[in-house]
Amino acid sequence: MSDDHTVQVSGDASTHTYDEGCAERKLTLKDLDAEKITWCPGCGNFGIFIAIKKAILNLGIDPSQFYFVYGIGCHGHMVNFLDVNGFEGLHGRAVPVAVGAKLANSRLKTIVITGDGDCLGEGLNHFVTAARGNQDITVVIHDNQVYGLTTGQTSPTSDKGFKSKSTPQGVIERPVNPLALALTSGATFVSAGFAGDIRQLQTLFEQALTHTGFSLLNVYQPCHTYNKVNTYDWFRDRVYKLDESTHDSSDFHNAVKLAYDPEKLATGVLFQAEHPSYEQDAKLTESIVGKGPNKEALGRLLENFK
Ligand SMILES: Cc1ncc(C[n+]2csc(CCOP(=O)(O)OP(=O)(O)O)c2C)c(N)n1
Ligand SMILES: [Mg+2]
C-alpha cells in the first residue's frame, strides 16, 4: 500500500489504483466470479458478463462500491455468478429497488441488470418513471427479444410476426422500442451495444456508469436456445458503430431517428445530455447510510401519537 492509501488493482491488461484505505490486494477477472455459470453455451449473457467484469477492473473502483440489482430471468442469474454486492427481487421490480438503494446510499454505483421481459413487460412503468426522474442509476437491458428463462415465449421486444410457443401464429403487436422509450421518457444517456462486441460493451458500460443521471445500455443479445431468428449472424448483418467523430450525441431528434431505423441497429452513445439528477434536484445527494436515526425528528413524530 502506498502512503496515500491507494490500492493496486490489476485488470487483465492494465493496473489501476483506487482509494480504499485497507490492505493491498490485486484483483483479476477471476476474483469477480462466484458460482459456476449455468447459462446455455453460446448465450449472449456471457459477452455482457465479461464486459461488466472488465469495466469494474478498468474503472479501478473498489467492487464494494457497486450495487447490482437483478431482474428475474436468465439475465438475473448473474446474481449468482458475479461476486459483487447484489439483490434479486420480484419480477419487473429491479428498477425501483435500485432507485431506493441509490437514494439511501448515494455513494454506491447502482446498476440494474434486467431483461426485455422484466424491464419492458412487467417493469415498464418503473422504467419510464425512473427515466423521467433522471434517477442516477444505470440500466442494462439484456435484449434477447424473448422470455428466455421460461423457455421461449414472446417478449415486448419480439418483432411483429415472431413465432413462439405463446404466439404460434406470430406476434400481432408491434414491439416496444427501448431506445426511443428511454429517450422520450427523459433518460439523459441512451446507448446500445451488441453482446458479440465485448470491447465496445465494456466502453459503453463505463461511460454509462460515469454519467450522472439515468443511463441506459440496451444490449442486442442472441438467445441461442429459444430465439432462432435474432441470431449472432442476424445481428451482425444489422449492427454498426456510430462514428464518434461525426455523430452529435447532443442531438435528441437525430437520436430518436436512429432508434427507429428500420434497417440497421446503431450501436454507441446515441444521446447524452447534462441535467441535474433526481438526487441533485431533490438535494438528496448526502448518503443517509451510516448516519443513524435523527432522534429529534423521531421524537417530534412520536409526539403525534401520544
Ligand atoms: C410475477 C411473475 N410473473 C411471471 C414470472 C415468470 N417469469 C420468470 S422469468 C420470466 C421471463 C423473463 O424474461 P426476460 O426478462 O426477457 O429475461 P431472460 O430470461 O430472457 O433473460 C417470466 C415470465 C415470475 N417469475 N414472476
Ligand atoms: Mg429476454
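Residues numbered from 1 in each chain as written. Chains lettered and ligands numbered in written order. Predicted model: local features only at pLDDT ≥ 70, side-chain atom pairs only at ≥ 80, totals over all residues. Heavy atoms only, no water.

Time to look at the site of ligand 1. In the region of ligand 1, 16 residues are neighbours, and Cys74, His75, Asp116, Asp118 and Leu149 sit closest. Cys74 has a polar backbone atom sitting 2.8 Å from an oxygen atom of ligand 1. Here an oxygen atom of ligand 1 sits 2.8 Å away from a polar atom, N or O, in the main chain of Leu149. Bound to the protein, ligand 1 loses 72% of the 590 Å² it would expose on its own. Mapped onto the shell around ligand 1, the elements with two or more residues apiece are helix H4 (116-122) and strand S7 (146-147). (Near = heavy atom within 4 Å. Polar contact = N/O pair within 3.5 Å; in protein donor to acceptor, adjacent residues only side chain to side chain. Areas by Shrake-Rupley, 256 points an atom, 1.4 Å probe, with all protein chains shown as cover. Helix = DSSP H or I, 4+ residues; strand = E, 2+ residues; numbered from the N terminus.)

Taken in spatial order, the eight strands of this open sheet run S4-S3-S5-S6-S10-S9-S12-S11, and their pairing is mixed. Every interior strand has two partners, whereas the edge strands, strand S4 (86-88) and strand S11 (239-241), have only one. Averaged over all neighbouring strand pairs, the angle between strand axes comes to 20 degrees, with direction disregarded. With three bridges joining them, strand S3 (residues 66-70) and S4 adopt parallel strand pairing. Along S4, the bridge assignment pairs Phe68 with Gly86. Sheet contacts for helix H1 (residues 45-59): S3, strand S5 (109-115), strand S6 (138-143) and strand S10 (215-220); angle to S3, the most-contacted strand, approximately 165 degrees. Together, S3, S5, S6, strand S9 (189-194), S10, S11 and strand S12 (265-272) form the strand contacts of helix H7 (residues 198-210), whose direction differs from that of S9 by roughly 165 degrees. (Pairing = 2+ DSSP bridges. Axes fitted to C-alpha atoms, helices over the stretch in contact; angles between N-to-C directions. Contact = heavy atoms within 4.5 Å.)

Our focus in this paragraph is the pairing of S12. In terms of burial, S12 is a largely internal element, seven of the eight residues being buried. Where S9 and S12 come together, four bridges link them in antiparallel fashion. Along S12, the bridge assignment pairs Ala192 with Gly268. Both S11 and S12 contribute to a ladder of three bridges, which runs parallel. In the strand pairing of S12, Lys241 is matched with Thr267. Read as a crossover between parallel neighbours, the route from S11 over helix H9 (residues 252-259) to S12 is right-handed. (Buried < 20%, exposed > 50% of the residue type's maximum accessible area, 1.4 Å probe, protein only. Right-handed = clockwise from strand over helix to strand, strands pointing away.)

A complete count under the given rule lists six salt bridges for this structure. Here Lys291 and Glu286 are joined by a salt bridge, their closest N and O atoms 2.6 Å apart. Here Glu296 makes a salt bridge to Arg300, at a shortest N to O gap of 3.3 Å. On the criterion of helical spacing, the pair formed by Glu296 and Arg300 is a turn pair, its members being four residues apart in helix H11 (residues 295-303). Both residues of the pair, Glu296 and Arg300, belong to the exposed class. (Salt bridge = Lys/Arg side-chain N within 4 Å of Asp/Glu carboxyl O.)

As a packed pair, helix H6 (residues 178-185) and H9 sit with axes 8 Å apart at the nearest point and diverge in direction by 155 degrees. As judged from the angle between their axes, H6 and H9 are roughly antiparallel. As for how H6 packs across H9, the hand of that crossing is left-handed. Only Phe252, Ala255, Val256 and Ala259 of H9 make contact with H6, whose side of the interface consists of Leu179, Ala180, Leu183 and Thr184. Grouping the amino acids of the contact of H6 with H9 by side-chain chemistry returns seven nonpolar, one polar and no charged. (Parallel < 35°, antiparallel > 145°, perpendicular 65-115°, else oblique. Left-handed = near helix turned anticlockwise from the far one by under 90°. Nonpolar A, V, L, I, M, F, W, Y, C, P; charged D, E, K, R; others polar.)

A few words now on the state of the cysteines. Applying the stated criterion across every chain, the model contains zero disulfides. Looking at the unpaired Cys40, the closest cysteine sulfur is the one in Cys43, lying at 6.3 Å. Take Cys40: its relative accessible area is 35%, and that puts it in the partly exposed class. (Disulfide = S-S within 2.5 Å.)

This part takes up the domain arrangement of the protein. Accessible area lost during the coming together of the parts is what is often quoted as the interface size. What the domain assignment lists for the protein is domain 1 (1-32) and domain 2 (36-303). Put simply, the middle of domain 1 and the middle of domain 2, counted by C-alpha atoms, are 27 Å apart. (Domains from an automatic or database assignment.)

Mapped onto the fold, Phe66 is located in strand S3. Separated by 91 residues in sequence, Phe66 and Thr157 have C-alpha atoms that sit 28 Å apart.

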